[in-house]
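Breakdown of the fold
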Amino acid sequence: MNRQVLSLVMSRLFVAVITLVIVSFAVFFATTLLPGDTATILLGQAATPEAVEGLRKAMHLDEPALFRFLRWIVGLLQGDLGTSYANEMPVAALIAGRFVNTLKLAGVTALFSVPIALTLGITAAMLRGTLYDRIVTVITIGVISVPEFMVATSAALIFAVYLKWLPALSFANEVHSLTDLLRVYAMPVITLTFVVSAQMIRMTRAAVIETLNTPYVEMALLKGASRPRIVFRHALPNALGPIVNAVALSLSYLLGGVIIVETIFNYPGIAKLMLDAVATRDLPLIQSCAMIFCLGYLLLITIADIIAILSNPRLR
């Protein structure tokens, strides 16, 4: 790795750290702007003003927001996510099980969506301008145009209500066999695969086409090499960086889709936990869940940027 590449990678990591600090500031103060008083919601409307004031003091809600933010940041740096207001349990303990469920859902989705998207993207680039390419392009644009909640709702109506093939709700704790696994994850995975694959197909197709237009590929074509050999021997190795970059960027969309999917299908993941915490104004839990989503998104975007830097032939 030469000095220029190292400098670009370090600068991107520095930007990621600064972005994370700004995001943490935004997450904390955005949650403090939620309507309603946390102490009043926890104690109920029948609570006396003295009881409400005492609870606010016990939870440090009477302190200035800046002091609470600094205390929260110091806790995060020490690995302490705080204590849940509603459950009086460590936030880390509440998140642990749900986070594993969300990772399982994301992993199963990536396992299906990445091979499908790469296959369609590469073959569409190989057959550019043909009927197959046009069909893939039209379907991809159509899927991109449909929001996640519409895909999830349509999947529930078709497979659960009309066909009655799959359950409308997904309970991850009820998996005891391969059949249960398929039934629980089928609907969320179908929805998220639609959301993730569309962008990945377009970006993969564009990366392969750009590589196919390079002079060395044209030279191989003039020498009589077959199109499959040109694509798999010459184009794909040089398009690997942009393709991995496309995969990382597309998987970042999982984070937004997971929130909608877990809510619609009642999947017990971290997104569902965060939405339940919003209802009770459980600020430490909301802030921790939001930071996990922001950190995951920022991590994927940073990885994509670093891969783009390392795969740039001009910097080698």
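Overview of the structure. This is a predicted model, so every value here is computed, not measured.

Each value, and the rule that gives it
Residues numbered from 1 in each chain as written. Predicted model: local features only at pLDDT ≥ 70, side-chain atom pairs only at ≥ 80, totals over all residues. Heavy atoms only, no water. Helix = DSSP H or I, 4+ residues; strand = E, 2+ residues; numbered from the N terminus. Buried < 20%, exposed > 50% of the residue type's maximum accessible area, 1.4 Å probe, protein only. Contact = heavy atoms within 4.5 Å. Areas by Shrake-Rupley, 256 points an atom, 1.4 Å probe, with all protein chains shown as cover. Lys, Arg positive; Asp, Glu negative; His and termini not counted. Charge placed at Lys NZ, Arg CZ, Asp CG, Glu CD. Phe/Tyr/Trp six-rings, centres within 6.5 Å; stacked < 30°, edge-to-face > 60°. Expected span 1.5 Å × (residues − 1). Axes fitted to C-alpha atoms, helices over the stretch in contact; angles between N-to-C directions. Parallel < 35°, antiparallel > 145°, perpendicular 65-115°, else oblique. Left-handed = near helix turned anticlockwise from the far one by under 90°. Nonpolar A, V, L, I, M, F, W, Y, C, P; charged D, E, K, R; others polar. Core = buried A, V, L, I, M, F, W, Y, C linked by side-chain atoms within 4.5 Å. Salt bridge = Lys/Arg side-chain N within 4 Å of Asp/Glu carboxyl O. Polar contact = N/O pair within 3.5 Å; in protein donor to acceptor, adjacent residues only side chain to side chain.

**Observations regarding the overall build of the protein**
Across its full length, the protein holds 13 helices and zero strands. Based on the C-alpha atoms only, the size of the protein along its principal axes is roughly 85 × 60 × 35 Å. Per-residue burial for the protein yields a buried fraction of 38% across its 316 residues. In the protein, of all internal contacts separated by at least 6 residues, the share reaching a separation of at least 24 is 72%. Of the roughly 17100 Å² that the protein leaves accessible, carbon and sulfur atoms contribute 70%. Positive and negative charge centroids in the protein, built from 22 and 17 side chains respectively, lie 17 Å apart.

**A closer look at the packing of aromatic side chains**
Applying the stated rule across the entire model yields nine aromatic pairs. Ring geometry for F159 against W165: centres 6.3 Å apart, planes inclined by 40 degrees, an arrangement best described as tilted. Relative accessible area serves as the criterion here: at 23%, F159 is assigned to the partly exposed category. Given a relative accessible area of 56%, W165 falls into the exposed group. These aromatic residues form a ring-pair network of at least three members: F25, F28, F29, F69 and W72.

**A word on helix α7 (residues 148-162)**
Helix length check: α7 (15 residues) gives 20 Å between terminal C-alpha atoms against 21 Å at 1.5 Å per residue, within 8%. Of the residues making up α7, those classed as buried are V151, A152, A155, A156 and A160. Two residues or fewer after α7 comes K164, characterised by a positive phi angle close to 60 degrees.

**Some thoughts on the packing of helix α1 (residues 3-32) against helix α4 (residues 65-77)**
Relative to each other, α1 and α4 sit at 130 degrees, their axes nearing to 11 Å. Classified by the angle their axes make, α1 and α4 are oblique. Of the two possible hands of crossing, α1 and α4 adopt the one that is right-handed. Contacts between α1 and α4 involve S24, F25, F28, F29 and T32 from the first element and A65, L66, R68, F69, W72 and I73 from the second. Of the residues assigned to the contact of α1 with α4, the class counts are eight nonpolar, two polar and one charged.

**Concerning the nonpolar core**
With 44 residues, the main nonpolar core has I95, M187, L285 and C289 as its most contacted residues. The greatest single-element share of this core, amounting to nine residues, is contributed by helix α8 (residues 178-212). Setting aside residues no more than four positions away along its own chain, I95 makes contact with L81, I270, L273, L285, S288, C289 and I292.

**A closer look at the pattern of salt bridges**
Applying the stated criterion across every chain yields a total of three salt bridges. Of the charged contacts, one joins R12 and D305 as a salt bridge, the two residues approaching to 2.5 Å between their closest N and O atoms. With R12 in helix α1 and D305 in helix α13 (residues 283-310), this residue pair connects regions lying 293 residues apart in the sequence. Judged by relative accessible area, R12 falls into the buried class, the value being 15%. Note that R205 is salt-bridged to D133, the shortest N-O span being 2.8 Å. Within this pair, whereas R205 is found in helix α8, its partner D133 is found in helix α6 (residues 131-145), the two being separated by 72 residues in sequence. Given a relative accessible area of 23%, R205 falls into the partly exposed group.

**Focus: the environment of D80**
Within the secondary structure, D80 is located in the loop between α4 and α5 (91-126). Considering only alpha carbons, one finds D80 and L55, 25 residues apart in sequence, at a separation of 21 Å. A polar contact of 3.0 Å, which involves the side chain of D80, links it to the backbone nitrogen of G82.

**A word on the side chain of S113**
Locating S113 in the fold gives a position in helix α5. Contact partners of S113, with chain neighbours within four places excluded, come to T193, V196, S197 and M200.

**Remarks on the environment of L20**
As for its placement among the helices and strands, L20 is situated in helix α1. Among the residues examined, L20 registers a relative accessible area of 26% and is labelled partly exposed. Sequence-wise, L20 and M291 are 271 residues apart; in three dimensions their C-alpha atoms are separated by 8.8 Å. If near-sequence neighbours (up to four positions away) are discounted, L20 is found in contact with M291, L295 and L298.

None of this, on its own, says anything about what the molecule does.
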